[in-house]
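Below are the chains, spelled out letter by letter.
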Amino acid sequence: MGCTMSSDPSVDKRSLFSANGARASVSPNSVLALTTGDPRVFEPFWRKMGDACKVVIGGGDLMSYFSDVGNVCWFLEPELGDAIRRLHRVVGNAVTEDRHIVVGTGSTQLFQAALYALTTPAAAVEPVSVVSSAPYYSSYPEVVDCLRSSLYKWEGDACTFNKDGPYIEVVNSPNNPDGTLRETVVKRGQGKVIYDFAYYWPQYTAITSAADHDIMLFTFSKCTGHAGSRIGWALVKDKDIAKKMTQYITITSIGVSKESQFRAAKIMKVICDGCQNVGSTAAKSGNFFEYARVIMSKRWQKLREALQHSEYLSLFKYPRERCLFTGELNERLPAFAWLECKEGIKDCEEFLRGFDVVGRGGKAFGADPKFVRVSLLCGDEDFNGIIERLLEIKGIRNGN
Ligand code: PMP
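Residues numbered from 1 in each chain as written. Predicted model: local features only at pLDDT ≥ 70, side-chain atom pairs only at ≥ 80, totals over all residues. Heavy atoms only, no water.

Caption draft 1: Structural context of the packing of helix H3 (residues 78-91) against helix H8 (residues 258-276). Running from N to C, H3 and H8 point in directions that differ by 30°, and their axes come no closer than 9 Å. The orientation of H3 relative to H8 falls into the category roughly parallel. The two elements H3 and H8 meet at a crossing, and its hand is left-handed. Two secondary-structure elements touch here, H3 through Glu79, Leu80, Ala83, Ile84, Arg86, Leu87 and Val90 and H8 through Gln261, Ala264, Ala265, Met268, Lys269, Ile271, Cys272, Asp273, Cys275 and Gln276. (Axes fitted to C-alpha atoms, helices over the stretch in contact; angles between N-to-C directions. Helix = DSSP H or I, 4+ residues; strand = E, 2+ residues; numbered from the N terminus. Parallel < 35°, antiparallel > 145°, perpendicular 65-115°, else oblique. Left-handed = near helix turned anticlockwise from the far one by under 90°. Contact = heavy atoms within 4.5 Å.)

Caption draft 2: Representation of the pairing of strand E12 (residues 336-341) in the model. E12 sits mainly inside the fold: 5 of its 6 residues count as buried. Taken together, the 5 bridges between E12 and strand E15 (residues 371-375) define a ladder with antiparallel strand orientation. Each bridged residue has a counterpart across the sheet, and for Trp338 the counterpart in E15 is Arg373. (Buried < 20%, exposed > 50% of the residue type's maximum accessible area, 1.4 Å probe, protein only. Pairing = 2+ DSSP bridges.)

Caption draft 3: Looking closely at the site of the ligand. Lining the immediate environment of the ligand, one finds 13 residues, of which Ser107, Thr108, Asp196, Tyr199 and Thr219 sit closest. One nitrogen or oxygen atom from the side chain of Thr108 is found 2.5 Å from an oxygen atom belonging to the ligand. A distance of 2.5 Å separates an oxygen atom of the ligand from a polar atom in the side chain of Tyr199. Among the secondary structure elements, those contributing two or more residues to the shell around the ligand are helix H4 (106-119) and helix H6 (220-223). In terms of residue count, H4 provides more of the shell around the ligand than any other element does, 3 residues in total. (Near = heavy atom within 4 Å. Polar contact = N/O pair within 3.5 Å; in protein donor to acceptor, adjacent residues only side chain to side chain.)

Caption draft 4: Looking closely at the pattern of salt bridges. Under the counting rule described, the total for this entry stands at 16 salt bridges. Among the ionic pairs, Asp212 bridges to Lys237, the shortest N-O distance being 3.9 Å. Here Asp212, found in the loop between strand E6 (191-196) and strand E7 (215-219), pairs with Lys237, found in the loop between strand E8 (231-236) and helix H7 (239-253); they are 25 residues apart in sequence, far enough to count as distant. Each of Arg99, Asp212, Asp214 and Lys237 takes part in salt bridges that share partners, so that together they form one network. (Salt bridge = Lys/Arg side-chain N within 4 Å of Asp/Glu carboxyl O.)

Caption draft 5: Representation of the domain arrangement of the protein within the structure. According to the domain assignment, the protein contains domain 1 (13-44 + 287-397) and domain 2 (64-276). Distance from the C-alpha centre of domain 1 to the C-alpha centre of domain 2: 28 Å. Contact with domain 1, which involves 30 residues of that partner, is made by 33 residues of domain 2. Interface of domain 1 and domain 2: buried area, both sides summed, is about 2600 Å²; carbon and sulfur atoms make up 65% of it. For the domain 1 face of the interface with domain 2, the top three residues by lost area are Phe289, Phe325 and Phe365, together amounting to 24%. Remark: the boundary between domain 1 and domain 2 carries 0 salt bridges. There are 9 residue pairs in polar contact (both at pLDDT 80 or more) connecting domain 1 and domain 2. Mapped by element, the contributors of at least two residues to the side of domain 1 that touches domain 2 are helix H10 (288-307), strand E10 (321-322) and E12. Top element by residues in the side of domain 1 that touches domain 2 is H10. It accounts for 5 residues. (Domains from an automatic or database assignment. Buried area = accessible area lost by both parts, 1.4 Å probe.)

Caption draft 6: Seen up close, the side chain of Thr184. You can see Thr184 is positioned in the loop between strand E5 (167-172) and E6. At 2.8 Å, the side chain of Thr184 forms a polar contact with the side chain of Lys187. The residues touching Thr184, leaving out its near neighbours within four places in the chain, are Glu169, Val171, Val193 and Tyr195.

Caption draft 7: Representation of the nonpolar core. The biggest cluster of nonpolar side chains holds 115 residues, and the ones touching the most others in it are Trp46, Leu87, Trp233, Met245 and Leu313. Two domains share this core, each providing at least three of its residues, namely domain 1 (13-44 + 287-397) and domain 2 (64-276). When residues no more than four places from it in sequence are discounted, the contact partners of Trp46 are Cys53, Thr224, His226, Ile267, Val270, Ile271 and Phe288. Judged by nonpolar contacts, the second largest core, of 5 residues, contains Val131, Ala158, Phe161 and Tyr167. (Core = buried A, V, L, I, M, F, W, Y, C linked by side-chain atoms within 4.5 Å.)

Caption draft 8: The arrangement of the sheet that holds E12 in detail. The strand order across the open sheet built from 4 strands is E9-E12-E15-E14, with neighbouring strands paired in antiparallel fashion. Lying at the two open borders of the sheet, with one neighbouring strand each, are strand E9 (313-314) and strand E14 (360-361). Judged from the 2 bridges that link them, E9 and E12 form a sheet pairing that is antiparallel. Within the sheet, the bridge partner assigned to Ser314 lies in E12 and is Glu340.

Following this line, the structure appears as structure tokens:
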């Protein structure tokens, strides 16, 4: 049996429950804001590493705009380029041979750089359509339409896209928000594709093959958890596209912080040394991805237990896949819980808000409001909080 929730946010959902004969009162809670994917979950690992990841930058270091003037991406620090190639070789998640690396201020900037590179010089009067299959990452429409560009325009769900003319499809795999693995859905000659592999790392999914596409975006934020460094990178096959992406970053920010690149290179080295069991930090770090998988796995187990037999909320089930990195049959462990409200509850975001849990509702992702995305990358305290609230929701109806 479900319950129909009011769409009036002033109505306290708990009082509705009590009107339905369930538990009369629930102790007041602090609000749990789990709308963003701020990756605090891996912080304890890096704190434990202490000085092993420390970088020292003197007052006279890293002062120039330039890093490697002979390279297409002239502001890429060679150490970071090497570390990125090594990381992909160690994990096996992407082909880096014969690719240009373009570094960006997060992959958010690289996404914009790729849009610019794929649509200039403008060949048509109409802006190029940009699509992604729903539910899509909520930032895509925001970023694409932010400046009302005459170069490109957001056209929404790739599955229902039927306009003629050039288009760009964004493929996010594993997908934020729902954790599904994705491929292109629009199969037409005039299309270009941007692959967003923010979550194609072993802690979230099985690495089934080395991705090999023309434009692939990765981010340090979701790989290691260092979102604050704002480092992303693109692996780009075509030199002219890499040049144009570099040009975009030159115009918008004249390069990317060298301090951040220096730190990212160090952390990637520590990860690779740990995975390959070489170097002075390996014994201390161990295999970061194995550590991170264990954490994500425990979180998913707790989440599934908390939602077992829930009358109100359900979760996707994901298939297991053979992972080339771990050599095992691995469960998918997405960074977000994509919760679906069961029959009778129309707005899942509002439903959770009634329990002081703030997620991001389905509409922001081009999906039905019966879905809500809740981040599982938060710190332990917030994660334990969400589990408590989910148990509380279950308990209320069961009258426990
Ligand atoms: N793509 C996806 C699918 C994401 O979830 C995120 C972060 N939320 C990004 C790109 C952007 O990552 P950043 O700008 O931190 O590199």
